[in-house]
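Residues per chain, in single letters:
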Amino acid sequence: EDAAEKADDQPWCLYVGLVAPHFPLVVAQEFFDLYPLDALPPRKLHPRDGYERHPWIQRHHDFWPSDDHFEDDEERLRAIAAYYGLITWMDSNVGKIMTALESTGLAANTRVIYTSDHGDNVGHRGMWGKSNFYLESVAVPMLIAGPGIAPGVVDTSVSLLDIQPTILDNFGVSTSEAPLSTTVRRPGDSLMSIANSPDDTARVVFSEYHAAGSPSAGFMVRKGRWKYHYYVGYSPELFDTEADPEETLNLADDAAHQDALKAMHRELLAICDPEEVDGRAKAAQNALIEHHGGREIALTVGAPAATPVPGAK
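Being a predicted model, the structure only gives us computed values, none of them experimental.

Reading the values: rules and limits
- Throughout, residues of each chain are indexed from 1 in the direction in which the sequence is written.
- At least 70 in pLDDT is required for a residue's local features to be given in this predicted model, at least 80 for side-chain atom pairs to be given and counted, and no such filter applies to totals for whole chains, interfaces and linings, which use all residues.
- In computing side-chain properties, one takes all heavy atoms of the structure into account and sets aside hydrogens as well as water.
- Secondary structure counts use DSSP, requiring at least four H or I residues in a row for a helix and at least two E residues in a row for a strand, with both numbered from the N terminus.
- C-alpha atoms define the radius of gyration in this analysis, and the globule rule sets the expected value at 2.2 Å times the number of residues to the power 0.38.
- Three exposure classes are used, based on accessible area relative to the maximum for each residue type with a 1.4 Å probe and protein chains only: buried under 20%, partly exposed in between, and exposed over 50%.
- Contact definition: two residues touch when any of their heavy atoms are within 4.5 Å.
- Using the Shrake-Rupley algorithm and a 1.4 Å probe, accessible areas are obtained, with residue cover drawn only from the displayed protein chains.
- His is not counted, nor are the chain ends, whereas Lys and Arg count as positive and Asp and Glu as negative.
- All charge positions are set by atom: Lys at NZ, Arg at CZ, Asp at CG, Glu at CD.
- Among buried residues, the Ala, Val, Leu, Ile, Met, Phe, Trp, Tyr and Cys ones that are joined through side-chain atoms within 4.5 Å form a nonpolar core.

**A look at the overall build of the protein**
- When its secondary structure is counted, the protein shows 10 helices and six strands.
- The C-alpha radius of gyration of the protein comes to 22 Å, within 12% of the 20 Å expected for a compact globule of 313 residues.
- Seen through its principal axes, the protein has C-alpha atoms that stretch 60 × 50 × 50 Å.
- Looking at the 313 residues of the protein, the share that counts as buried comes to 34%.
- Considering only contacts within the protein whose residues lie at least 6 apart along the sequence, 63% involve residues at least 24 apart.
- About 18,500 Å² of surface is accessible on the protein, with carbon and sulfur atoms providing 56% of the total.
- Positive and negative side-chain charges in the protein, numbering 25 and 47 respectively, have mean positions lying 4 Å apart.

**Here we look at the nonpolar core**
- Judged by nonpolar contacts, the single largest core of 16 residues is most densely connected at Phe 219, Trp 226, Tyr 228, Tyr 230, Leu 238, Met 264 and Leu 268.
- A total of four residues in this core trace back to one element, the largest contributor, which is helix H8 (residues 258-271).
- Those residues in contact with Leu 268 that lie beyond four places of it in its chain are Phe 206, Phe 219, Val 221, Tyr 228, Tyr 230 and Pro 274.
- Counting residues in hydrophobic clusters, the runner-up holds 11 residues, among them Ile 57, Met 127, Tyr 134 and Tyr 209.

**What to know about unusual backbone geometry**
- Backbone torsion omega between Ala 20 and Pro 21 reads -5°, so that peptide bond is classified as cis.
- Counting through the fold element by element, Pro 21 comes out in the loop between helix H1 (2-9) and helix H2 (29-32).
- Here the bond from Phe 23 into Pro 24 is cis, since omega is 0°, no more than 30 degrees from zero.
- Of note in the backbone geometry, Arg 125 takes a positive phi value of approximately 65° without being a glycine.
- You can see Arg 125 is positioned in the loop between strand E1 (112-115) and helix H5 (135-138).
- Assessed through its relative accessible area of 1%, Arg 125 is described here as buried.
- Backbone geometry at Glu 247 places phi at a positive 55°, although glycine is not the residue there.

Spelled out as structure tokens, the structure:
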């Protein structure tokens, strides 16, 4: 109650970061048991069933062949059940946060954003983790509720870049008042503005990847029904998310979709020069490697790839 009284005196913002779901896939038995192994949905597009990964994706898989590390299919299923269980465990903690807001009287005048940094392949395409542009990896929950937000579903594409403008908007600060510099506008738009506006199918969402396992720079552009993946030095991918929401059919080589392919590439070029960006990223990475004393030393630098298993050092 004291916290609620203090919170009423001035605007406040609280960030709560929940690690789950994340490796290691360890969850309490009660949450694991919610997902019987014989009732789990099938994994789509597994190479054992004839699916061929895109060459860029295959290079990434060769760097970290996560699905190959399981002992057998039963262990894979246990991992999937544990992943789903961790999501449910995390949501139960979100429920505790919401209960605390209600019990302190803050729920009526507090806006809440529920989102995540990325998704997970969870065995689809024979991969685990993130670091690719497929739906499983890039789709995140994006929920906002509170005063001034009417219940409903918005079909306008959004991204995590919209979070900062939303927070600024919540406190009455426009992005134009908080520029990155005197010439560069902060990217993104307020989710509150987007939620209260007509759906905008022409809005472009952009992502790029230069990190672990990528043989070259990768870029993603989403606009309306079309989702475009561009890999420097490799063939592109084009998906029709209306006809094929699970992104099972690459249309980049389909003669009937060349106009859409060219249009999406123009959208990418309006944002950046992918080859030039790739060159700058590689130069920066090489400089960092040299800073640490060369490749062999650099390979020993950095944190572990995941949270340690309980009991491990």
